[in-house]
Amino acid sequence: MSDVGSRMHALVERLYPLCRSITGDGVRRTLEIIAESIPLVVHEVPTGAQVLDWTVPKEWNIRDAYVKDPSGRKVIDFMESSLHVVGYSVPVSATLTLDELRPHLHTLPEQPHLIPYRTSYYAETWGFCLRNETLAALPPGPYEVLIDSTLADGHLTYAEHVVPGESADEVLVSCHICHPSLANDNLAGVAVAVELALRLAERRPRHTYRFVFAPGTIGAVTWLARNRDRVGRIRAGLVLACAGDRGSLTYKRSRRGNAEIDRVTEHVLRASGRPHTVVDFSPYGYDERQYCSPGFDLGVGSLTRTPYGGYPEYHTSADDPGFVSAEAMADTLETCWEVTRVLENDRHYLNLSPYGEPQLGRRGLYGSLGGRSDTKRDQMAMLWVLNLSDGDHSLLDVAERSGLTFGEVTWAARALEEAGLLKGLER
Amino acid sequence: MSDVGSRMHALVERLYPLCRSITGDGVRRTLEIIAESIPLVVHEVPTGAQVLDWTVPKEWNIRDAYVKDPSGRKVIDFMESSLHVVGYSVPVSATLTLDELRPHLHTLPEQPHLIPYRTSYYAETWGFCLRNETLAALPPGPYEVLIDSTLADGHLTYAEHVVPGESADEVLVSCHICHPSLANDNLAGVAVAVELALRLAERRPRHTYRFVFAPGTIGAVTWLARNRDRVGRIRAGLVLACAGDRGSLTYKRSRRGNAEIDRVTEHVLRASGRPHTVVDFSPYGYDERQYCSPGFDLGVGSLTRTPYGGYPEYHTSADDPGFVSAEAMADTLETCWEVTRVLENDRHYLNLSPYGEPQLGRRGLYGSLGGRSDTKRDQMAMLWVLNLSDGDHSLLDVAERSGLTFGEVTWAARALEEAGLLKGLER
Amino acid sequence: MSDVGSRMHALVERLYPLCRSITGDGVRRTLEIIAESIPLVVHEVPTGAQVLDWTVPKEWNIRDAYVKDPSGRKVIDFMESSLHVVGYSVPVSATLTLDELRPHLHTLPEQPHLIPYRTSYYAETWGFCLRNETLAALPPGPYEVLIDSTLADGHLTYAEHVVPGESADEVLVSCHICHPSLANDNLAGVAVAVELALRLAERRPRHTYRFVFAPGTIGAVTWLARNRDRVGRIRAGLVLACAGDRGSLTYKRSRRGNAEIDRVTEHVLRASGRPHTVVDFSPYGYDERQYCSPGFDLGVGSLTRTPYGGYPEYHTSADDPGFVSAEAMADTLETCWEVTRVLENDRHYLNLSPYGEPQLGRRGLYGSLGGRSDTKRDQMAMLWVLNLSDGDHSLLDVAERSGLTFGEVTWAARALEEAGLLKGLER
């Protein structure tokens, strides 16, 4: 297991017990822990603030919650799992029969041993989530029911981390941080983003990389509302989620379908030989919904392993740290890194000797013994770069048309540039 | 069997015995019977009239025809089937040996029990069509041969029925009515057109629907010649034929290949889940040949069940009322109706809240309990309509890209329009 | 075996023993023999001449070469095969042990009974090519080694043959003539080109056809350097090579991918029913590399049977006259001829009666008896030509869309033009 994989898994395990929601101290504590690895600018937006079509809701916090059976035993206990309480449950303290309690209980009859994840952000109610097998064994009651929560004016909290680049062009990496004790969705995404940021900072990149850690939907909406005049700088972006399960990678295209991020990520996945899936945009899933709303229409895709809702553990207590693996997160990270390699290095070159092939042999770039049929890949890369460097094709175009990897093509372009045969174009 | 199916089948049976051709009283009588269901404007165009590159031919009428064997028995009898006489046969009254008669006899050696359908509109001759098994049994003769026909100056007859709409834009539905006793080709097409017209008239449509009942080729040519200054109004059209056999539906694209009618009909067929076939335009078949000639190049496709020449009963006495079914005609009618539903309802909308998703929950358009993975199709429809309503995409575009049906998308657009989130665009 | 096939095979056999290279008397003698069939203009370009990015090298000639073992027996003998000497070997006369000799010996360990083909044009060295099984049996030596060659200022030789046409537009056919005793690569290509030129000259063509016989790479580069102001006339071209093996045909597209030559050759191959392969351009192979360099980007593809490096006999002594067949060369020639038929005859026509179908029957172009379902291909061809002759579609477009052959479509266009229904457009 790689060091970076272990480190990501340790972060998932540490963040896992916290009760996150779209607001509240669970989010703040999560950001504090992230900030131990990468500096964050934390934003607090007050309840009632208008953000695009939405209003920042009241802040929700919870200290304890349980249901005690007639014998005083806690049959549902928030301390055991943050999933046991419906997110945004209003406070309650009552004694209820099972029949009275039942409308507030959520289970998964077809997965009787799992606790579901449920929320009710915009309708004031309360509820518990529990294993269906627990529910089946409950006597008629009465039950002592407690939810020690507060729903009050406060703030929505989100954070940004920026890796400054040579250019003001930005690449956005966005993770949702509103899910309570769920590991793949989305602590694995957070862990990959943290390590990607660290790696990008090792050497000043060409583009600026902006990492946004925000609650789903309302958080992305809030970020967009407060950055309307800056979204024009975003040339590419990835929404990172479900980054740690053992399934293969899935890339969901931006709404535009052929944005730079789409071409780059698809090339990286194809060239890697990894099994993977590419799907078209749909207006459901994670925060690409917001970034790709028609008014913004950003070139932002979504990278996951098994996608949204695509695994039985999804939004249940089975999405725990054991469900995500260090290897899978390392693989996701490596893919993200390769995507940034293409974003960083793709550019247009001009062949300065475009009439006929230049004589590579004279410049030490070509084997001297002719007649052999096993031309090497590096020679092919040089020939392809020369042939397509007419100002219309970037290195990514060359890689896609030639079937070579972006790395091979980039190496060839550098060799040719050093030999004076190629000139990089500014654009 | 549906009422409408029975009604269509009854019309086929009633029209079947008439001896239609490209001119003559068989056509007039056919139109009289159609006019009992829907009002028709009948046009009479005189022999010799120049219509595009063609000239309206002499009018042909026939009263009787037979071939009597030496014993006086009618071995071929027009009264038994109108197919027995080659269409446009000139009058003849003669006594001939079998050898003399034989060049005038047409059979289907490979389908010996069927009578073929043959015509000779533009070369003056005469002939009989008969079962090959009848021919095989004929003694040497002599035979008394009679064709009591007239080929004389007269008129070409065609008719129109219009369902007026709010707009002068026209949708054309065209049926050929020149085939004698053939049921699928094309009495079934006529029957479907009649019922479609009745159904369209139940509520004033947005577009105007023009039904043309005309003899094949020369009739469509005549209609085009007399409406050259009006064809610009035709935004879409269908040539209806072979509408009643038990095979699956076939849509033949217009010459343009991506005209509105092409996209609409293909969507309807795809979304219906019906087995069906879509084929590209070719300059052979029914009157789409004329509507899609390069000078007009109208957006007119052709809807059939088993297409032109694609079934062994084609152009034989086996294409009788038993060959067409009420259910199949009802299915063709339903498809035509769905096509008109898309033509009527497709339009462009503008999302009035295009930055981020609007908060549907606040407007009662979204379930309040979050976390579930089984998002309903109506919510997906709303999200898709919102996401693509940027002024560039119509509801049909939304349906095609989302995989939802046009009906689902239309419902969502109405719900969003009522909620003030969407505005219909005029264009 | 066809006469032309035999003639081509005889030419291959006659040219086979000559020791060709990129310069020298082997090339001159090859051109003399070709000139016995078709007149050639021979160009001599002096050593040191600058051609694009290259410099014309010294001229290489060789009279004899051998390696004698201690007993005086020639274990390697240039007189036996011109492949035995590495092309452009500098003179050598020495006595060497096997260990000293070994770095100068080239074999194919995996094809031990074959002599490889090797050259060293741009690095001054010397070497011998031999069967690995010969090498394995060699005693330690010493060996008498002789290469009686000269590498000195002289000329690069290439030749052109032109079949003048009505127009100054040119079609280029290019063959490399630098390979010594290799039959498929490229004497078969030369033989096919010679016969194609003879056949084109039988009747004055519409386009001018220019045949270039030149050494690979440096020859094409030289031709391009000396014709920079004329390449604009080249509307299409084929690099002909590997034209005689028994494999099926392979067409390699031009860099543009949809140039006239690409569409024409692909149509000819498809319509012929021949098994064949079409591959995209890549900047490796034969002289299409030069013609398709980005500065020229000519519409030049490459026609071979089994392509470059695609057969085990490639660049070995097994590529001898027995490896190529008269039938295969005749088939390649026929394909080239059909390509020229399309290049010669493709044009745009205008339907002069574009509104509705013109009445073909009146003009004797259509069967008079209607109702039959077996419409003939010639009638379909006329209908397709009429339908698509709107000024935007050429006869090749018609052939491609209709699925008919170019010949059928051309026949129909001529019949329609004679009937006054079609007018050829100049462009």
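Let us look at the structure shown here.

Scoring rules and cut-offs
- Residues numbered from 1 in each chain as written.
- Chains lettered and ligands numbered in written order.
- Predicted model: local features only at pLDDT ≥ 70, side-chain atom pairs only at ≥ 80, totals over all residues.
- Heavy atoms only, no water.
- Helix = DSSP H or I, 4+ residues; strand = E, 2+ residues; numbered from the N terminus.
- Buried < 20%, exposed > 50% of the residue type's maximum accessible area, 1.4 Å probe, protein only.
- Contact = heavy atoms within 4.5 Å.
- Areas by Shrake-Rupley, 256 points an atom, 1.4 Å probe, with all protein chains shown as cover.
- Salt bridge = Lys/Arg side-chain N within 4 Å of Asp/Glu carboxyl O.
- Polar contact = N/O pair within 3.5 Å; in protein donor to acceptor, adjacent residues only side chain to side chain.
- Nonpolar A, V, L, I, M, F, W, Y, C, P; charged D, E, K, R; others polar.
- Buried area = accessible area lost by both parts, 1.4 Å probe.
- Least-squares fit on C-alpha atoms with pLDDT ≥ 70 in both.
- Pairing = 2+ DSSP bridges.
- Axes fitted to C-alpha atoms, helices over the stretch in contact; angles between N-to-C directions.

### Here's the deal with the overall build of chain A
Reasoning step 1: Counting its regular elements, chain A contains twelve helices and 19 strands.
Reasoning step 2: Dimensions along the principal axes, computed over C-alpha positions, put chain A at roughly 90 × 45 × 35 Å.
Reasoning step 3: A burial count over chain A gives 61% of its 427 residues as buried.
Reasoning step 4: Relative to all contacts within chain A whose residues are 6 or more apart in sequence, the contacts with residues 24 or more apart total 80%.
Reasoning step 5: Total accessible area on chain A is roughly 15,900 Å²; 49% of this is exposed by carbon and sulfur atoms.

### Some points on the interface of chain A and chain B
Reasoning step 1: Taken together, the contacts link 26 residues of chain A with 27 residues of chain B.
Reasoning step 2: Put simply, chain A and chain B have four salt bridges between them.
Reasoning step 3: D53 of chain A is the partner of R362 of chain B in a salt bridge, and the nearest nitrogen-oxygen pair spans 3.4 Å.
Reasoning step 4: Across the contact surface, chain A and chain B share 13 residue pairs in polar contact (both at pLDDT 80 or more).
Reasoning step 5: Broken down by secondary-structure element, the contributors of at least two residues to the side of chain A that touches chain B are β3 (54-55) and α8 (288-291) of chain A.
Reasoning step 6: Its residues placed into classes, the side of chain A that touches chain B shows twelve nonpolar, nine polar and five charged.

### A look at the interface of chain C and chain A
Reasoning step 1: With 26 residues of chain C at the interface, the matching set in chain A holds 27 residues.
Reasoning step 2: In total, chain C and chain A occlude about 2,400 Å² of area from one another, counting both sides; carbon and sulfur atoms represent 50% of this.
Reasoning step 3: When the shortest N-O distance is used, the salt bridge between E357 of chain A and R289 of chain C registers 2.5 Å.
Reasoning step 4: In this structure, the connection of chain C to chain A is made through 13 residue pairs in polar contact (both at pLDDT 80 or more).

### A word on the relation of the copies chain C and chain A
Reasoning step 1: Aligned on chain A, chain C shows an RMSD of 0.0 Å; the corresponding rotation is 120 degrees and the shift along the axis is 0.1 Å. The two molecules are tied by a three-fold rotation axis, judged by turn and shift. Among all residues of chain C, the one whose C-alpha sits closest to the rotation axis is N258 of chain C, at a distance of 13 Å.

### Some details on the sheet that holds strand β4 (residues 59-68) of chain A
Residues and elements named next belong to chain A.
Reasoning step 1: Within the open sheet, the four strands sit side by side as β5-β4-β9-β6. Their pairing is antiparallel. Each having just a single partner strand, β5 (74-77) and β6 (92-96) make up the two edges of the open sheet. Neighbouring strand axes in the sheet, compared pairwise and without regard to direction, differ in orientation by 15 degrees on average.
Reasoning step 2: Relative to strand β9 (residues 143-152), β6 runs antiparallel, the two sharing five bridges. Directly across from V92, in β9, lies its bridge partner I147.

### Observations concerning unusual backbone geometry
Reasoning step 1: The linkage connecting D185 of chain A with the following residue, N186 of chain A, adopts the cis geometry, with an omega of 25 degrees.
Reasoning step 2: Here N186 of chain A lies in helix α5 (residues 183-200).
Reasoning step 3: Despite not being glycine, T217 of chain A shows a phi value in the positive range, around 60 degrees.
Reasoning step 4: Looking at the secondary structure, you find T217 of chain A in the loop between β12 (208-214) and α6 (218-226).
Reasoning step 5: Look at C242 of chain C: it is not a glycine, yet its phi comes out positive at around 45 degrees.
Reasoning step 6: Judged by relative accessible area, C242 of chain C falls into the buried class, the value being 0%.

### Some details on the pattern of salt bridges
All names here are of chain A.
Reasoning step 1: A full pass over the atoms with the stated rule returns 98 salt bridges over all chains.
Reasoning step 2: The salt bridge partner of R29 is E32, with a shortest N-O separation of 2.8 Å. Here R29 and its partner E32 are both found in helix α2 (residues 25-34), three residues apart, which amounts to about one turn of the helix.
Reasoning step 3: Via salt bridges that share partners, D25, R28, E44 and E59 belong to a single interconnected network.

### Describing the sheet that holds strand β11 (residues 170-176) of chain A
Whenever strands of a sheet pair, they do so through backbone hydrogen bonds, lying parallel or antiparallel.
Residue and element names in this part refer to chain A.
Reasoning step 1: Strand order in this open sheet of eight strands is β1-β10-β12-β11-β13-β16-β14-β15, and the pairing throughout is mixed. Lying at the two open borders of the sheet, with one neighbouring strand each, are β1 (41-46) and β15 (276-279). Each adjacent strand pair in this sheet contributes to an overall mean axis angle of 20 degrees, direction not counted.
Reasoning step 2: Pairing analysis gives seven bridges linking β11 to β12, with the strands arranged parallel. Residue pairing in the sheet places V173 in a bridge with F211 of β12.

### A closer look at the environment of P215 of chain A
Residue and element names in this part refer to chain A.
Reasoning step 1: Along the chain, P215 turns up in the loop between β12 and α6.
Reasoning step 2: On the basis of relative accessible area, P215 is assigned to the buried category, the value being 0%.
Reasoning step 3: For the pair P215 and E334, spaced 119 residues apart in the sequence, the C-alpha separation amounts to 25 Å.
Reasoning step 4: Other than its neighbours up to four places away in sequence, P215 contacts S21, I22, L156, T157, Y158, H176, I177, C178, A220 and D287.

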